[in-house]
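Here's the letter readout for the chains.
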Amino acid sequence: MTASSADAPMRGRPVTRTLTAIAVAAAVLAGGGWTALAQSSGPIQLFPGATGSSDTPQQDAPAFAVPAAPGAIEPAVKAQPFSVTASPATAGRDGIAVTDVAALSPEAVGTLSAKSGGLPQDMWTGTSRTVAMRLLSALPVTAPSPARQDIAARLLLSSAQPPAGAGQPGLLDLRLSALLSMGQTEAVRALAKTVTGPGRTEAVERAVVDSLLVDNRVDEACKAVESGLSAYPGMYWQKATAFCLYRAGRTEQANIQVTLLRESKVDDPVFLWAAEQMSGLKVQPLTGFQTPTPLTVAMIRESGRPYPNNTLTDVAPWMARAIALGVKTDVSQRFAAAQMAVAGGSLTAAELTSLYTSVGFNDADYARPVTDLVNDGSGKAAAVMYQQVLRQTTPAQRTEWIARAMEQGIRTGQEMVVAQVYAPIVRDVLPDPAQTWFLPVAVRILLGAGLTEDALRWVRLGQDMAGRGDAAAATLLDSVWLLRRLAVPSGLSHWSPQEYENWRAALTRSVETRLMLKGSKTPTTQMADRLQARGLALLQATGEALSADDWAVLWGNPAVDEAKAPSASRALALSSAVLNKRLAEGIALSLMVQDIAPTAQVADVAVAQAVESLRRLGQDPLARRLALEAAISAGL
């Protein structure tokens, strides 16, 4: 990063003009607003096209406005986000329903009620305010897990009476901060909209602006910045003002703003770098992010300059969403960011497939052998694969390509992303005896997307074929035996030894294929035994009664799980919360024992405790969804 100053473009100008400009900027920062600026420098339209409030849907550009080459394919189906909401309330992104809820205090507001997929009003009963604040501060909201993101969103968006007492930051501020980190930008604005009067604090206004910046709705964000600057004098609003001035073409005023920030010793090198870039200076490439913010990401996105290397390493869901929505960003980075955003719950599969189909590839890309696409594993290869699926004209052709797309997902560790992307297509494929071979793929994709009834249609096809003596169909059913039991409510009779042995044999075969796709040298038997332990743990966690005999078959395996177990402070606190029916506390801790690792990498004991805890707290649908994700993503 260069050490050049933001006021470099003003060097050599008359002193009187510079002093006048500084006075103008000072008037703005002192509360004179854009009126003072207009009086000093003539009429100004700082926010082109932004005439509504921040609640008005208004996009600067289509979210995926990448110019399509001639012959680009329009999506044949629209992906649907997973939803377990129980009422016909208006649904926003991620299937979260929005409903009007009366609350007693600003901290009690929410966009979900118990009738619309949320938690009960008394969910914090028994939990102290200090504990609630620490729980909300420590939520692992960046975990790349659609199931865990959904659980967290329901906790954060539910209208509920808060624990008694006072403390800073407030619970509402903590909820908005967590939702923003998750990339749940529409949810942030919906929750903020429920807050009026004294409860509408600066933190609420900042969360709204940040959510708009993430979503590339910059005109609306700058309109909100104009209002915020007149009410709050802090550094956040001053930096955001400089960005909006640059974007509006008011470079001179923006340079003055940045100069004043430098004189105030602002410690934000990425902001200063981006400001220099937007001012027209030639600067060295940015070498890295220390603490990225929605504002600095928006500034880099607006400049069209590439993000630093390794930006997409362990990126938070909000940032993955912001990069994916940048129409000036390199499309390869957008593909990669969008896939990460879907995994992290900050982008819907429909948004990802819209990006996939907005780009036209050349004939050489479409001519690539499918094996090359599977082994490639890049975002571009995934986009080509998706377009190839849409190009197929028969169900048989489509299922062949979808099966290879799942292989690509296994290779890259993105099975859950593949499930969400292809579930709408698979849902439209009628189970047919000629397609029985597709049964395991269809069941995993549909269950991974939360479409249990559609998955069971394929199970019934297999059962019908097996009942007619089709041995191949019976073997295919064996491969999804565990998933079938996890997907349906408890109450099934205990399995027979032959059922278990058939599943174990099928698991060993699938593990061998999986290890080959991943290029892993782990012995097949070792991995199969490890997955058996996870499978049994998930069965018990969802309510199945296991005996010592069931567990004893695994006691010859290593006594320690490869993944790290959760700390005692979290695991034992979760047990206490469940025992004493402290609902919100228990749900938060069920997320904390899993921390931020991908679900496939969470220790068996941690994910099993989380699933069992959710079930015992009356959240069976959420528990089963988490159990299925833990099974499918691990290769069960």
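Owing to the predicted nature of the structure, the values given are computational and were not obtained by experimental measurement.

Colleague: Which parts of the structure should I look at to understand the overall build of the chain?
Modeller: Helix and strand content of the chain: 30 helices and two strands. Taken over 636 residues, the chain has a buried fraction of 53%. In the chain, the proportion of contacts linking residues at least 24 apart, taken out of those at least 6 apart, comes to 68%.

Colleague: Which parts of the structure should I look at to understand the packing of helix H21 (residues 452–467) against helix H22 (residues 471–479)?
Modeller: The packing of two helices is summarised by the inter-axis angle and the distance between the axes. Remark: H21 packs on H22, axes separated minimally by 7 Å, with the N-to-C direction vectors making an angle of 140 degrees. In this structure, H21 meets H22 at a crossing whose hand is left-handed. The residues of H22 that touch H21, namely those facing Val459, Gly462, Gln463, Met465 and Ala466, are Ala473, Ala474 and Leu477. Split by residue class, the contact of H21 with H22 holds six nonpolar, two polar and no charged.

Colleague: Could you clarify how one ought to interpret the state of the cysteines in this entry?
Modeller: The term disulfide refers to a covalent linkage connecting the sulfur atoms of a pair of cysteines. Taken as a whole, this structure holds one disulfide when the rule is applied. The disulfide partner of Cys222 is Cys244, and the gap between their sulfur atoms is 2.1 Å. As the torsion about the S-S bond is roughly -95 degrees, the Cys222-Cys244 disulfide counts as left-handed. Of the two residues, Cys222 sits in helix H7 (residues 218–231) while Cys244 sits in helix H8 (residues 235–247), which places them 22 residues apart along the sequence. According to the relative accessible area criterion, Cys222 is buried, its value standing at 2%.

Colleague: Any chance you could explain helix H27 (residues 568–579) here in plain terms?
Modeller: For H27, built from 12 residues, the straight-helix expectation of 16 Å at 1.5 Å per residue is met to within 8% by its first-to-last C-alpha distance of 16 Å. All of the buried residues in H27 are Ala571, Leu574, Ala577 and Val578. One side of H27 holds all its buried residues, which, seen down the axis, span an arc of 125 degrees. Among the exposed residues of H27, those oriented more than 90 degrees off its buried face are Ala568, Ser569, Leu572 and Leu579. Positive backbone phi, at 60 degrees, marks Lys581, one or two positions downstream of H27.

Colleague: Can you help me understand the packing of aromatic side chains in this one?
Modeller: Within a pair of aromatic rings, the relevant descriptors are the distance that separates the centres and the angle that separates the planes. As enumerated under the stated definition, the model contains 14 aromatic pairs in all. On the basis of an interplanar angle of 85 degrees and a centroid distance of 5.0 Å, the ring pair of Tyr236 and Trp237 is categorised as edge-to-face. Each member of the pair, Tyr236 together with Trp237, is buried. Judged by centre distance (5.8 Å) and plane angle (45 degrees), the rings of Tyr356 and Tyr386 are tilted. With a gap of 30 residues between them, Tyr356 in helix H14 (residues 349–358) and Tyr386 in helix H17 (residues 379–391) connect regions that are remote in the sequence. The two residues Tyr356 and Tyr386 agree in class, both being buried. Through a chain of ring-to-ring contacts, three or more aromatic side chains come together here, namely Phe335, Tyr356, Phe361, Tyr366, Tyr386 and Tyr422. It is Lys239 that lies over the ring of Phe271; its NZ or CZ is 5.7 Å from the centre.

Colleague: How should I be thinking about the confidence of the model for the chain in this particular structure?
Modeller: Predicted coordinates in regions of low pLDDT should not be interpreted in detail. Averaged over every residue, the pLDDT of the chain is 81; the share at 70 or more is 83%. The least confident element of the chain, judged by mean pLDDT, is strand E1 (residues 90–91) at 38; the most confident is helix H28 (residues 583–592) at 96. Note that pLDDT drops below 50 for residues 1–103; the model gives that stretch 216 contacts with residues more than four away or on any other chain.

Colleague: What's the story with the packing of H14 against H17 in this structure? I'm lost.
Modeller: Their axes nearest at 9 Å, the elements H14 and H17 cross at an angle of 85 degrees. When the axis of H14 is compared with that of H17, the two are roughly perpendicular. Seen from H14, the contacting residues are Thr353, Tyr356 and Thr357; seen from H17, they are Gly379, Ala382, Ala383, Tyr386, Gln387 and Leu390.

Colleague: Sorry if this is basic, but what is going on with H17 here?
Modeller: Residues separated by three or four positions in an α-helix point in the same direction, a consequence of the helix having 3.6 residues per turn. For H17, with 13 residues, the first-to-last C-alpha span of 18 Å sits near the 18 Å given by 1.5 Å per residue. Buried residues dominate H17, accounting for 11 of its 13 residues. For H17, every residue scored as buried is listed here: Gly379, Ala381, Ala382, Ala383, Val384, Met385, Tyr386, Gln387, Gln388, Val389 and Leu390. Looking at the buried positions of H17, the neighbouring elements they touch are helix H13 (331–343), H14, helix H15 (363–366), helix H16 (370–376), helix H18 (395–412) and helix H19 (415–427).

Colleague: Just checking my understanding: could you explain the environment of Ala367 for this structure?
Modeller: Inspection of the secondary structure assignment puts Ala367 in the loop between H15 and H16. Sequence separation between Ala367 and Gln388 is 21 residues; the distance between their C-alpha atoms is 10.0 Å.

Colleague: Help me out: how do you make sense of the environment of Pro144 in this one?
Modeller: Tracing the backbone through its elements, the reader meets Pro144 in the loop between helix H2 (129–138) and helix H3 (146–157). Measuring from C-alpha to C-alpha, the distance between Pro144 and Ala343 comes to 5.1 Å, with 199 residues separating the pair along the chain. Every residue in contact with Pro144, bar those within four places of it in the chain, is listed here: Ala343, Gly344, Ile596, Ala597 and Pro598.

Cut-offs applied
Residues numbered from 1 in each chain as written. Predicted model: local features only at pLDDT ≥ 70, side-chain atom pairs only at ≥ 80, totals over all residues. Heavy atoms only, no water. Helix = DSSP H or I, 4+ residues; strand = E, 2+ residues; numbered from the N terminus. Buried < 20%, exposed > 50% of the residue type's maximum accessible area, 1.4 Å probe, protein only. Contact = heavy atoms within 4.5 Å. Axes fitted to C-alpha atoms, helices over the stretch in contact; angles between N-to-C directions. Left-handed = near helix turned anticlockwise from the far one by under 90°. Nonpolar A, V, L, I, M, F, W, Y, C, P; charged D, E, K, R; others polar. Disulfide = S-S within 2.5 Å. Expected span 1.5 Å × (residues − 1). Arc of directions from axis to C-beta. Phe/Tyr/Trp six-rings, centres within 6.5 Å; stacked < 30°, edge-to-face > 60°. Lys NZ or Arg CZ within 6 Å of the ring centre and 35° of its normal. pLDDT = per-residue confidence, 0-100. Parallel < 35°, antiparallel > 145°, perpendicular 65-115°, else oblique.

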